[in-house]
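What follows is each chain in one-letter form.
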Amino acid sequence: MTKLSPFRYFKTSPEIIRLAVMMYVRFPLSLGNVEDLLHERGIDVSHETVRYWWNRFGPMFASEIRRKRVQQSGSFQLNPLRRFQRAALPRRPVTGSVTAV
């Protein structure tokens, strides 16, 4: 059985929905600012539509991002010499004295 698209009942393309939601979540923009930015790109949606998309698709996008982060973190490698590089830094002597008042 094939998995149905969560965007199947929407006239707007999934790319536009994803763009609007990610603009609202990623940047410190209000819903009205997202509406204005989309209007400048020729996409006419209201701020209430963006809010509805955020409530409906925000958790789905967040889980996709988390899933991608987990997949990428498996290939991350630390530099094995980092601890030696940090230890090799010369110590600066403490100059001056602290006097009690």
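Before reading on, note that the structure itself is shown above.
Remember, predicted model here, so these are calculated numbers, not experimental data. (Residues numbered from 1 in each chain as written. Predicted model: local features only at pLDDT ≥ 70, side-chain atom pairs only at ≥ 80, totals over all residues. Heavy atoms only, no water.)

(A) The overall build of the protein chain, seen in detail. Regarding its fold elements, the protein chain presents four helices and zero strands. For the protein chain, the N- to C-terminal ordering of α and β elements is α-α-α-α. The buried share of the protein chain, reckoned over its 101 residues, is 16%. Counting only contacts in the protein chain whose residues sit at least 6 apart along the sequence, the fraction spanning at least 24 positions is 51%. In the form shown here, the protein chain has an accessible surface area of approximately 9,100 Å², with 56% of it arising from carbon and sulfur atoms. (Helix = DSSP H or I, 4+ residues; strand = E, 2+ residues; numbered from the N terminus. Buried < 20%, exposed > 50% of the residue type's maximum accessible area, 1.4 Å probe, protein only. Contact = heavy atoms within 4.5 Å. Areas by Shrake-Rupley, 256 points an atom, 1.4 Å probe, with all protein chains shown as cover.)

(B) Region of interest: the layout of surface pockets. Its boundaries defined by the atoms lining it, the largest pocket holds a volume of some 150 Å³. Val21, Met22, Val25, Arg26, Trp54, Gly58, Pro59, Phe61, Ala62, Ile65 and Arg69 together form the lining of the largest pocket. When contributions to the lining of the largest pocket are tallied by element, the ones reaching two or more residues are α1 (14-26) and α3 (47-73). Looking at the lining of the largest pocket, the element that brings in the most residues is α3, giving seven residues. (1 Å grid on protein atoms, 1.4 Å probe; cavity = no way out; pocket = protein on both sides within 12 Å on 5 of 7 lines; lining within 4 Å. Points joined across faces, edges and corners; volume = space filled by probe spheres on them.)

(C) Examining the packing of aromatic side chains more closely. For the coordinates displayed, the defined rule picks out six aromatic pairs. With centroids separated by 5.3 Å and ring planes inclined at 65 degrees, the aromatic side chains of phenylalanine 10 and phenylalanine 57 adopt a geometry described as edge-to-face. With phenylalanine 10 in the segment before α1 and phenylalanine 57 in helix α3, this pair connects stretches of sequence that are 47 residues apart. On the accessibility criterion, phenylalanine 57 (1% relative accessible area) is buried. The ring of phenylalanine 27 carries the charged tip of arginine 26 above its face, separated from the ring centre by 5.5 Å. (Phe/Tyr/Trp six-rings, centres within 6.5 Å; stacked < 30°, edge-to-face > 60°. Lys NZ or Arg CZ within 6 Å of the ring centre and 35° of its normal.)

(D) Broad picture of the nonpolar core. Ranked by internal contacts, the top residues of the largest apolar core, which has 15 residues, are Ile17, Leu38, Val50, Trp53 and Phe57. Counting only elements with at least two residues in this core, the list comes to α1, α2 (31-40) and α3. Once you skip the residues sitting within four places of it in the chain, leucine 38 turns out to touch Leu19, Ala20, Met23, Ile43, Val45 and Val50. (Core = buried A, V, L, I, M, F, W, Y, C linked by side-chain atoms within 4.5 Å.)

(E) Structural context of the pattern of salt bridges. Evaluated as defined, the whole model comprises two salt bridges. For arginine 18, the salt bridge goes to glutamate 64, with nearest N and O atoms at 3.1 Å. Taken together, the positions of arginine 18 in helix α1 and glutamate 64 in helix α3 put the pair 46 residues apart, joining distant regions of the chain. A salt bridge links glutamate 48 to arginine 51, with the nearest nitrogen and oxygen atoms 3.0 Å apart. Of this pair, glutamate 48 and arginine 51 both sit in helix α3, three residues apart, roughly one helical turn. The class for arginine 51 is partly exposed, based on a relative accessible area of 34%. (Salt bridge = Lys/Arg side-chain N within 4 Å of Asp/Glu carboxyl O.)

(F) Molecular detail of α2. For α2, the set of buried residues is Leu31, Val34 and Leu38. Looking down the long axis of α2, one finds its buried residues gathered within 60 degrees of arc, a one-sided arrangement. Exposed residues pointing more than 90 degrees away from the buried face of α2 are listed as His39 and Glu40. Count one or two residues on from α2 and you reach glycine 42, which has phi positive near 90 degrees. (Arc of directions from axis to C-beta.)

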